[in-house]
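# Fold and geometry: a report
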Amino acid sequence: MMRKQILAAAVVVTAAATALAGCSSSKSSTTSGNSAASSNNKVGILLPDTASSPRWVSADPKELEAQCAQYKLDCKVYNANGSASTQEQQNQQLISWGAGVIMLVDLDSASGASIEKLDKSKGVVPIDYDRLTQGGGASYYVSFDNVQVGVDQGTALTQCSQVAGKTGIGYTEIDGAATDNNATLFAQGYNSVLSKQPGWTKLDDGNGNWDAATAQTVFQNQLGKNGSKVNAVMVANDTMAQSVINVLQQQGLAGKVAVSGQDASPGGLDNIMAGTQCFSIYKPVAGEADVAVKLASEILAGQKPTAPATITDPSNGAKVPSFLAKPTVITQANVALPVKDGYETAASVCNTNATAKANCAKFGVS
């Protein structure tokens with residue numbers, strides 16, 4: 001579970017796309033207690049953006065900082081604000097700073113692979129965090145089982161009240177960014193379910209690029225072409241789901257069409273309680289951050305940790321040692337779980353408007 005108390009020493013820095021962004025910490029390099037680090041305890045962490053998911057702004061930086069403190073590691077966490085060139089610059093600075101391990105959430109595999117190849121050439125150990133960088137040659141991959149995430153999404157969509165027990169279901173699909181290997185894995189998972197679902201027909205699909213405005217345009221076109229035939233929308237995450245719900249509300253269809261999601265974001269949880277979004281996928285950050293920081297501490301201590309699984313890099317067939325956590329489907333039945341765990345705060349979910357407050361009281365979110 002995510003720790004609810006984060007050291008006051010964590011520093012959050014916001015910058016333009018051409019400068020470093022994110023949060024950084026500077027802690028003593030003295031090793032003691034449960035720290036495994038010896039000659040080098042410096043870890044760099046490169047996050048991708050602030051728009052595709054709220055997790056990159058709050059959940060991941062906070063938990064990563066807490067874990068760095070736990071293991072007495074000196075960590076710098078940067079956010080690239082959606083710019084691959086900024087992320088490459090940030091990586092250069094982390095190398096110059098003396099990072100022994102760099103954890104990367106790439107913006108695309110091409111720029112990510114360049115980062116990781118440079119890191120390896122400088123003796124820095126690269127770890128793929130959350131998404132696999134194709135062709136990068138990371139030493140380890142720490143994420144969730146992303147095919148299973150997609151399977152859970154597809155399965156949950158077929159169980160939504162708007163479609164349960166009905167035949168002749170028409171659905172559209174809005175995938176994540178084509179440059180993100182996770183989006184490919186999610187789609188692999190939910191398509192494996194929906195393509196075999198009796199009576200289900202895919203009417204249209206499109207790439208929402210993890211972007212709210214893009215997803216809105218994509219769905220407006222899908223709904224315009226298919227109208228009342230659309231009974232469900234397979235949306236890859238909560239950010240894009242909100243755009244779909246906005247369009248459905250404009251047409252008086254919100255809550256009548258089954259809408260999926262992912263990330264258990266505050267907005268996603270609000271929509272689930274309101275009945276306009278059927279479910280989200282909860283991926284507790286601790287499942288990644290805790291494992292990744294512990295892994296980094298062991299690497300810096302000269303250990304060679306054994307991963308419990310491997311993932312095949314589709315670009316070259318390389319086997320990447322992997323740590324994969326299990327996702328959880330969030331519906332109205334367990335909508336309070338992310339807040340109880342500390343993944344989200346009650347304020348972020350409940351204090352947006354009067355309706356959200358009333359729904360939080362109804363569903364026990366506090």
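The structure presented is a predicted model; accordingly, all values stated were derived computationally and were not measured. (Residues numbered from 1 in each chain as written. Predicted model: local features only at pLDDT ≥ 70, side-chain atom pairs only at ≥ 80, totals over all residues. Heavy atoms only, no water.)

### Points about the overall build of the protein
Helix and strand counts for the protein stand at 12 helices and 15 strands. The burial tally for the protein puts 55% of its 366 residues in the buried class. Within the protein, contacts between residues separated by at least 24 positions form 73% of all contacts whose residues are at least 6 apart in sequence. Roughly 14400 Å² of accessible area belongs to the protein as shown, and the carbon and sulfur atoms make up 51% of that amount. (Helix = DSSP H or I, 4+ residues; strand = E, 2+ residues; numbered from the N terminus. Buried < 20%, exposed > 50% of the residue type's maximum accessible area, 1.4 Å probe, protein only. Contact = heavy atoms within 4.5 Å. Areas by Shrake-Rupley, 256 points an atom, 1.4 Å probe, with all protein chains shown as cover.)

### A word on the pattern of salt bridges
Counted according to the given criterion, the structure contains 7 salt bridges. The shortest N-O distance in the salt bridge between R55 and D60 comes to 2.7 Å. For the residue pair R55 and D60, the accessibility class agrees, reading buried in each case. Two residues, R131 and D180, come together in a salt bridge whose shortest N-O distance is 3.4 Å. You can see R131 sitting in the loop between β6 (125-129) and β7 (140-144) and its partner D180 sitting in the loop between β8 (169-175) and α5 (181-194), a full 49 residues away along the chain. (Salt bridge = Lys/Arg side-chain N within 4 Å of Asp/Glu carboxyl O.)

### Things to note about the sheet that holds β8
The strands making up a sheet are joined through hydrogen bonds of the backbone, oriented either antiparallel or parallel. Strand order in this open sheet of 4 strands is β9-β8-β10-β11, and the pairing throughout is parallel. Only two strands of the sheet have a single partner each, and these edge strands are β9 (200-207) and β11 (258-259). Bridge count for β8 against strand β10 (residues 232-235) is 4 bridges, and the pairing is parallel. Counterpart to T172 in the pairing with β10 is V233. (Pairing = 2+ DSSP bridges.)

### As for unusual backbone geometry
Unlike most non-glycine residues, N209 shows phi in positive territory, near 60°. Inspection of the secondary structure assignment puts N209 in the loop between β9 and α6 (212-226). Positive phi, normally seen in glycine, also occurs at D263, with a value near 110°. Topologically, D263 is positioned in the loop between β11 and α8 (266-274). For D263, a relative accessible area of 8% corresponds to the buried category.

### Quick word on the packing of aromatic side chains
According to the stated counting rule, one finds 4 aromatic pairs in the structure shown. Each ring, one from Y140 and one from F323, has its centre 6.2 Å from the other, and the planes form 45°; the classification is tilted. Of the two residues, Y140 is situated in strand β7 and F323 in strand β14 (residues 319-325); the sequence distance between them amounts to 183 residues. Residues Y140 and F323 agree in their burial class; the two are buried. Seen from their ring centres, Y282 and Y343 are 5.1 Å apart, and the 70° between their planes marks the pair as edge-to-face. Separated by 61 residues along the polypeptide, Y282 in strand β12 (residues 280-282) and Y343 in the loop between α10 (337-340) and α11 (346-350) bring together distant segments of the chain. A relative accessible area of 2% means that Y282 is categorised as buried. A relative accessible area of 7% means that Y343 is categorised as buried. Above the plane of the ring of W56 lies R55, whose end atom (NZ or CZ) is 4.2 Å from the centre. (Phe/Tyr/Trp six-rings, centres within 6.5 Å; stacked < 30°, edge-to-face > 60°. Lys NZ or Arg CZ within 6 Å of the ring centre and 35° of its normal.)

### Description of the side chain of R55
In this structure, R55 sits in the loop between β3 (42-47) and α1 (59-70). Dropping the residues within four chain positions of it, R55 is found in contact with D60, P61, Y129, D130, K283, E288 and Y343.

### Things to note about the state of the cysteines
Counted according to the given criterion, the structure contains 3 disulfides. A sulfur-sulfur distance of 2.1 Å marks the disulfide that ties C160 to C278. Linking C160 and C278, the disulfide has an S-S dihedral of approximately -110° and is accordingly described as left-handed. Taken as a pair, C160 in the loop between α4 (146-158) and β8 and C278 in the loop between α8 and β12 lie far apart in primary sequence, 118 residues in all. With respect to class, C160 is no different from C278; both count as buried. Taking only the cysteines that form disulfides and numbering them from first to last, the protein has the pattern 1-2, 3-4, 5-6. (Disulfide = S-S within 2.5 Å.)

### Some details on the nonpolar core
Grouped together as the largest cluster of nonpolar side chains are 43 residues, with contacts concentrated most on M103, Y129 and V365. Looking at this core, the element that brings in the most residues is helix α9 (residues 286-300), giving 7 residues. Among the nonpolar cores identified, the runner-up in size contains 40 residues, and L157, F186, V244 and A258 belong to it. (Core = buried A, V, L, I, M, F, W, Y, C linked by side-chain atoms within 4.5 Å.)

These figures capture arrangement, not role.
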